[in-house]
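Chains, contacts and geometry: an overview
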Amino acid sequence: NSRRDSFYLEYQPIIDKEGNIHAFEALARIYDKILGRISPMEFIDIAEKRHLIVELGRIILDEACSFIKQLQDKGWYNVSVSVNISAIQVLRDDFLTDLKFAINKNQIPSENLILEITESVYAKNLEVINNQLSKAQLLGIRSAIDDFGTGYSSLSREREIAADMIKIDKFFLDQLLLKDEKDLITSDIINLAHKLGQKAVAEGIEHLSQLEYLKKNNCDYYQGYFFSKPVVASKAIELLDSNDFKYY
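Bear in mind that the values here come from a model prediction, so they are computed numbers and not experimental data. (Residues numbered from 1 in each chain as written. Predicted model: local features only at pLDDT ≥ 70, side-chain atom pairs only at ≥ 80, totals over all residues. Heavy atoms only, no water.)

**So, the overall build of the protein chain**
Of the regular secondary structure elements, the protein chain holds eleven helices and nine strands. Its C-alpha atoms give the protein chain a radius of gyration of 18 Å, within 12% of the compact-globule value 18 Å for 248 residues. In terms of overall dimensions, the protein chain has C-alpha extents of about 50 × 45 × 35 Å along its principal axes. For the protein chain, the exposed area adds up to about 12,700 Å²; of that, 50% sits on carbon and sulfur atoms. (Helix = DSSP H or I, 4+ residues; strand = E, 2+ residues; numbered from the N terminus. Rg over C-alpha atoms; globule rule 2.2 N^0.38 Å. Areas by Shrake-Rupley, 256 points an atom, 1.4 Å probe, with all protein chains shown as cover.)

**Considerations on helix 2 (residues 53-73)**
Its 21 residues give helix 2 an end-to-end C-alpha distance of 30 Å, which sits within 8% of 30 Å, the value for a rise of 1.5 Å per residue. After helix 2 finishes, the residue Gly 75 shows a positive phi value of roughly 95°. (Expected span 1.5 Å × (residues − 1).)

**A look at the side chain of Lys 167**
Structurally, Lys 167 is set in strand 7 (residues 165-168). Within the structure, the side chain of Lys 167 is placed 2.8 Å from the side chain of Glu 116, a separation counted as a polar contact. Residues within four places of Lys 167 in sequence aside, it is in contact with Ile 14, Glu 25, Glu 116, Ala 144, Ile 145, Asp 146, Asp 147, Phe 148, Val 201, Glu 203 and Gln 223. (Polar contact = N/O pair within 3.5 Å; in protein donor to acceptor, adjacent residues only side chain to side chain. Contact = heavy atoms within 4.5 Å.)

**A few points about the nonpolar core**
Looking at soluble globular proteins, one finds that nonpolar side chains tend to be buried together. With 73 residues, the main nonpolar core has Tyr 11, Phe 67, Leu 99, Leu 113, Ile 205 and Leu 214 as its most contacted residues. Dropping the residues within four chain positions of it, Leu 113 is found in contact with Leu 61, Cys 65, Ile 68, Val 81, Val 83, Leu 99, Ile 103, Ile 141 and Arg 142. Core analysis: the next-biggest nonpolar cluster, separate from the first, contains seven residues, Ile 14, Ala 144, Val 201 and Tyr 221 among them. (Core = buried A, V, L, I, M, F, W, Y, C linked by side-chain atoms within 4.5 Å. Buried < 20%, exposed > 50% of the residue type's maximum accessible area, 1.4 Å probe, protein only.)

Right, here's the structure in full:
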């Protein structure tokens, strides 16, 4: 549906150490009048199988860049937006052209766009993806390894990845609730990111004890329902205006 009647994005805030919103992750949503709310786990898979993911990815990118423009117009110049990118998109020859088009169309700084690619995708296509992301970095676009720790790539390959940050998978956050601190490797992942010159983002935070552990171990950014569920663009801007995260 090129009119995008059923399709929209929600945005989940990513919080820095000072309690400010550093960025939002853009998350694709579909609500159909007959079928109701459809999970991205379902429609993204269908889009890939039916070869619609490239066009869908362009729509998502355009919507996210449009939101960055809204933020800029309201004076939020330092707030970035991250977009999940599929392997099919990033492996295409016209991927960088699509990035440039979305940035220029919406008249936004490229530095405010972050690309998220899952670790398993990196592991399968390291050379090509590194080449694409290195070119994107020259444009000022940052990138993140999503679901870090679940993609089974080796540490030697991890050192080669051209990424600016890693997103620690929720699995490792849940382990904070089940094990003693001495048995956890979450702090080691944070240290690994820093040694590789990357920032660490913890996903899936739901409890204060998780946040306290992450702060103690110098994690850079925090994301999860503890702060906010994903919200529509207007609510995301309200979160910025209210600045309610200072307490944490």
